[in-house]
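Okay, here's what each chain looks like letter by letter:
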Amino acid sequence: MYFILQVFAILDGLPLLTFLNLSRNPLSEFDKLLTDKQYTTLTKLALNFTDLPWQSLSNLLVVFPK
C-alpha cells in the first residue's frame, strides 16, 4: 500500500503530468486508498498486467476522469 501513497505523492508533485505508466504494478487494492481529488491533466494511463478488477478500474476513472 505504500506504493499507492507514493503514486499520489508523485501526482501531487507533478500537477501537469499527462501520462502515467503503472504497468506491472500490483494494483489489486488501489481503490481502497483512492482520494477525493481529481487529476484532470492526466490523459493517458497505462495499466497493463496490474490485476486490477473492473470495479476498481471504474473507481479509478473517477480520480482520473480524462
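Residues numbered from 1 in each chain as written. Predicted model: local features only at pLDDT ≥ 70, side-chain atom pairs only at ≥ 80, totals over all residues. Heavy atoms only, no water.

Draft legend 1. Spatial organisation of the overall build of the chain. Counting its secondary structure elements, the chain contains two helices and two strands. The order of helices and strands in the chain, counted from the N terminus, is α-β-β-α. In terms of C-alpha radius of gyration, the chain reaches 11 Å, essentially the compact-globule figure of 11 Å for 66 residues. Relative to its full complement of 66 residues, the chain shows a buried share of 29%. The contacts of the chain with a sequence gap of at least 6 include a subset with a gap of at least 24, amounting to 72%. When the accessible area of the chain is evaluated, it comes to approximately 4,500 Å², of which 58% is carbon and sulfur surface. Taking the average location of the 5 positive side-chain charges in the chain and that of its 5 negative ones, the two points are 10 Å from each other. (Helix = DSSP H or I, 4+ residues; strand = E, 2+ residues; numbered from the N terminus. Rg over C-alpha atoms; globule rule 2.2 N^0.38 Å. Buried < 20%, exposed > 50% of the residue type's maximum accessible area, 1.4 Å probe, protein only. Contact = heavy atoms within 4.5 Å. Areas by Shrake-Rupley, 256 points an atom, 1.4 Å probe, with all protein chains shown as cover. Lys, Arg positive; Asp, Glu negative; His and termini not counted. Charge placed at Lys NZ, Arg CZ, Asp CG, Glu CD.)

Draft legend 2. The arrangement of the packing of aromatic side chains in detail. Summed over all chains, the structure comprises two aromatic pairs. Considering the side-chain rings of F8 and Y39, the 6.1 Å spacing of their centres and the 20 degrees angle between planes classify their relative orientation as stacked. With F8 in helix 1 (residues 2-13) and Y39 in the loop between strand 1 (19-21) and strand 2 (44-46), this pair connects stretches of sequence that are 31 residues apart. An identical accessibility class is assigned to F8 and Y39; each is buried. Among the aromatic residues, ring-to-ring pairing joins F8, Y39 and F64 into one connected group. Lying across the ring of F49, R24 places its NZ or CZ 4.4 Å from the centre. (Phe/Tyr/Trp six-rings, centres within 6.5 Å; stacked < 30°, edge-to-face > 60°. Lys NZ or Arg CZ within 6 Å of the ring centre and 35° of its normal.)

Draft legend 3. Representation of the environment of K66 within the structure. Structurally, K66 is set in the segment after helix 2 (54-63). Sequence spacing of K66 and G13 is 53 residues, and the spatial spacing of their C-alpha atoms is 19 Å. In this structure K66 touches T40, L42 and T43, once residues within four positions along its chain are discounted.

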